[in-house]
Amino acid sequence: MRLGCIADDFTGATDLAGLLRRSGANVRLHLGHPSTDADGSADIEIIALKCRTEPVIVAVSACEKAAQWLMEHGAEKLYWKYCSTFDSTCLGNIGPVAEALIELTGQKQAVYCPAFPENGRSVFMGHLFVGNELLSESSLKDHPLTPMTDSNLVRVLEPQVQGSVGLWSRIDQQTAKPFPTTTHVIADAVEFSDLEHLIKQIPDSVLLTGGSALAMPIPDSMGLSKSRKAPNPITRSRAIILSGSCSEMTRKQVNEWTSKYPSYKLNPLELDPQALTQCLTWFANQGQSTCLIYATDNPESVKTSQKVLGVTEAGERIEAAMGFVAQTAYAHGVRQFVVAGGETSGAVTQALGIKEVVVGDEICPGVPWVYGGPSDDPIALALKSGNFGSNKFFTDALEVLLQS
Ligand code: ADP
């Protein structure tokens, strides 16, 4: 291995894997800590954790353990990947994990750049934009677990870290001002060429952290790019779509699907064993059709469920249900899973016992198909975080799989 990456959720990790795979380098993705027989032999090894919303102490120790494995297996460089919308709270994990990794690697500083220009995420003057809107005015302000109400990343990061926080603005970069001396540096990037520039300019003594896009120029900079990719495994079976994301884009994708194809809605307030059995009976009665089972709802309904159940309980109820539905679908022969939602994807892959995947073709920027399970009976998974994909993401995903 040459490059080792740690991601704070599963869909973020597949997003990173898909983009790094574009280089042609072979990319292996571990869902959770690598198993004891993992050998770290891919050019790029990514460890996907589910620690975005864990208490700081838990997240830091999980990331330290992952970093140690990567370094022991040859990683020359580490990358800490989080969401391109900087999802975290003031008690959040982005800064504390970076501080722990700086310590572990012996580096001196960390740079933070969540920009993902191809997906409309840009950072300018330290402010994060989602498309044309400031982060705090985008739908991310209503996220069920990490509502983002401040777009100024210097301000968002400050309460998370011990060290000083500064900004390397685009203007400073373009006028060749030196890299700031603060321990933590938010870096602007609006276009992909800005990210390439950052990777070229940032000294080795700086820990690289960001969304998936900042990692894209790294394989090239390390001489890992290759011209031929290995073929994808083949799965031919019934497919299922599971959606626990309540993001604006997922709501559009769910609306698009439900208007045409079989769909079943789960409500966290009514989600007892009987309701789940009803859902599974419905699924079993749909023949070979691809069905959507979803908890996706509008912000008002999400708030109502959270008020009654509490944020954690509402989320966990849905995640547990999605995991159980996935296991039942697998028992019915399903080997193709399209999953919407970062946390939801974590719950589904855990329920299916998938520990490690190889990375296949991209459905849209940031979402590749990945393949896990036994090599003679592989499982294909499309793990999409909230705001990714077009309105037709679910049908797009199935089409890409058919063609691969
Ligand atoms: P995203 O990628 O959009 O952030 P996630 O799956 O990571 O999606 O997070 C969505 C969270 O919201 C999950 O914990 C999920 O279980 C929870 N959730 C889903 N539907 C509802 C609902 N109707 N009410 C309350 N919480 C919900």
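Note that the structure is a prediction, hence the values are computed from the model and not measured. (Residues numbered from 1 in each chain as written. Predicted model: local features only at pLDDT ≥ 70, side-chain atom pairs only at ≥ 80, totals over all residues. Heavy atoms only, no water.)

Draft legend 1. Up close: the overall build of the chain. Looking only at helices and strands, the chain has 13 helices and 18 strands in total. Here the C-alpha radius of gyration of the chain, 20 Å, is about what a compact globule of 404 residues would show, namely 22 Å. Oriented by its inertia axes, the alpha-carbon framework of the chain measures out at about 65 × 45 × 35 Å. For the chain, the proportion of its 404 residues judged to be buried stands at 58%. Accessible surface, the chain: about 16200 Å² in total, of which carbon and sulfur atoms supply 51%. (Helix = DSSP H or I, 4+ residues; strand = E, 2+ residues; numbered from the N terminus. Rg over C-alpha atoms; globule rule 2.2 N^0.38 Å. Buried < 20%, exposed > 50% of the residue type's maximum accessible area, 1.4 Å probe, protein only. Areas by Shrake-Rupley, 256 points an atom, 1.4 Å probe, with all protein chains shown as cover.)

Draft legend 2. Region of the structure containing the pairing of strand β6 (residues 121-124). Here β6 runs beside strand β7 (residues 127-130); their pairing, made up of four bridges, is antiparallel. In the sheet register, F124 faces β7, and the bridge partner there is H127. Hairpin connection between β6 and β7: a loop of two residues separates the two successive antiparallel strands, and M125 in this loop has a positive phi of roughly 50 degrees. (Pairing = 2+ DSSP bridges.)

Draft legend 3. Summary view of the site of the ligand. Contacts to the ligand come from 21 residues, most closely from H143, S245, E319, E343 and T344. The separation between an oxygen atom of the ligand and a polar main-chain atom of E343 is 2.7 Å. Within the contact set of the ligand, an oxygen atom lies 2.8 Å away from a backbone nitrogen or oxygen of G386. About the coverage of the ligand: the protein hides 96% of its 570 Å² of free accessible area. (Near = heavy atom within 4 Å. Polar contact = N/O pair within 3.5 Å; in protein donor to acceptor, adjacent residues only side chain to side chain.)

Draft legend 4. Molecular detail of the side chain of R170. Along the chain, R170 falls in helix α5 (residues 170-174). Excluding residues that lie within four positions of it along the chain, R170 makes contacts with F124, D188, V190, E191 and D194. (Contact = heavy atoms within 4.5 Å.)

Draft legend 5. Structural context of the domain arrangement of the chain. By the assigned domains, the chain splits into domain 1 (3-221) and domain 2 (239-403). Across the boundary between the two partners, domain 1 contributes 32 residues, which contact 33 residues of domain 2. Summing both sides of the interface, domain 1 and domain 2 together bury roughly 2500 Å²; the carbon and sulfur share of this comes to 56%. Three residues, T11, L31 and K50, lead the burial of domain 1 against domain 2; their summed loss comes to 24% of the area buried on that side. (Domains from an automatic or database assignment. Buried area = accessible area lost by both parts, 1.4 Å probe.)

Draft legend 6. Molecular detail of the packing of aromatic side chains. All told, the structure shown has nine aromatic pairs when counted by the stated rule. An angle of 80 degrees between the planes, with centres 6.4 Å apart, marks the rings of W257 and F394 as edge-to-face. Residue W257 is located in helix α8 (residues 248-258), and its partner F394 is located in helix α13 (residues 393-403); the two are separated by 137 residues in the primary sequence. A relative accessible area of 4% means that W257 is categorised as buried. (Phe/Tyr/Trp six-rings, centres within 6.5 Å; stacked < 30°, edge-to-face > 60°.)

Draft legend 7. Representation of the packing of helix α11 (residues 311-331) against helix α12 (residues 342-351) in the model. With their axes 8 Å apart at the nearest point, α11 and α12 run at an angle of 40 degrees to one another. Of the possible angle classes, the one that applies to α11 and α12 is oblique. For the pair α11 and α12, the sense of crossing is right-handed. Each of E319, M322, G323, A326 and Q327 in α11 lies in contact with α12, whose residues at this interface are E343, T344, A347, V348 and A351. A class-by-class count of the residues in the contact of α11 with α12 yields five nonpolar, three polar and two charged. (Axes fitted to C-alpha atoms, helices over the stretch in contact; angles between N-to-C directions. Parallel < 35°, antiparallel > 145°, perpendicular 65-115°, else oblique. Left-handed = near helix turned anticlockwise from the far one by under 90°. Nonpolar A, V, L, I, M, F, W, Y, C, P; charged D, E, K, R; others polar.)

Draft legend 8. Main features of the nonpolar core. Counting 133 residues, the largest nonpolar core has I46, W80, F86, Y112, I293, F337 and W369 as its most contacted members. With eight residues, helix α2 (residues 56-72) is the single largest residue contributor to this core. Both domain 1 (3-221) and domain 2 (239-403) contribute no fewer than three residues apiece to this core. In contact with Y112, other than residues within four places in its own chain, are Y82, F86, I94, G95, A98, L157, V161, H184, V185, I186, A187 and T209. (Core = buried A, V, L, I, M, F, W, Y, C linked by side-chain atoms within 4.5 Å.)

Draft legend 9. Region of interest: the state of the cysteines. For the coordinates displayed, the defined rule picks out zero disulfides. Here C63 stays unpaired: no disulfide links it, and the sulfur of C51, its closest cysteine neighbor, is 3.9 Å away. With relative accessibility at 0%, the residue C63 sits in the buried group. The closest cysteine sulfur to the non-disulfide-bonded C90 is located on C51, 17 Å from its own sulfur. (Disulfide = S-S within 2.5 Å.)

Draft legend 10. Region of the structure containing the pattern of salt bridges. Applying the stated criterion across every chain, the model contains 24 salt bridges. A salt bridge links D142 to K303; the shortest N-O distance between them is 3.9 Å. Of this pair, D142 sits in the loop between β8 (133-134) and α4 (153-157) while K303 sits in helix α10 (residues 299-309), and the two are 161 residues apart along the sequence. Because the salt bridges share partners, they merge into one network encompassing D8, D9, R52 and D87. (Salt bridge = Lys/Arg side-chain N within 4 Å of Asp/Glu carboxyl O.)

Draft legend 11. Inspection of the sheet that holds β8 at higher detail. Spatial ordering of the open sheet is given by β6-β7-β8, a layout of three strands whose pairing is antiparallel. The sheet is open, and its two edges are formed by β6 and β8, each paired on a single side. Pairing between β7 and β8: two bridges, direction antiparallel. Following the sheet pairing, F129 is matched in β8 by L134.

Draft legend 12. Seen up close, helix α3 (residues 94-105). Over its twelve residues, α3 runs 17 Å from end to end, which matches the ideal 16 Å to within 8%, given 1.5 Å per residue. In terms of burial, α3 is largely enclosed, as nine of its twelve residues are buried. (Expected span 1.5 Å × (residues − 1).)

Draft legend 13. Just the packing of helix α9 (residues 273-284) against α11, in detail. The contact between α9 and α11 brings their axes to 11 Å, and the two run at 35 degrees. Where α9 crosses over α11, the handedness of that crossing is right-handed. Here L276, L280 and F283 of α9 come into contact with α11, specifically with A321, F324, V325, T328 and A329. For the contact of α9 with α11, the residue count by class is seven nonpolar, one polar and no charged.

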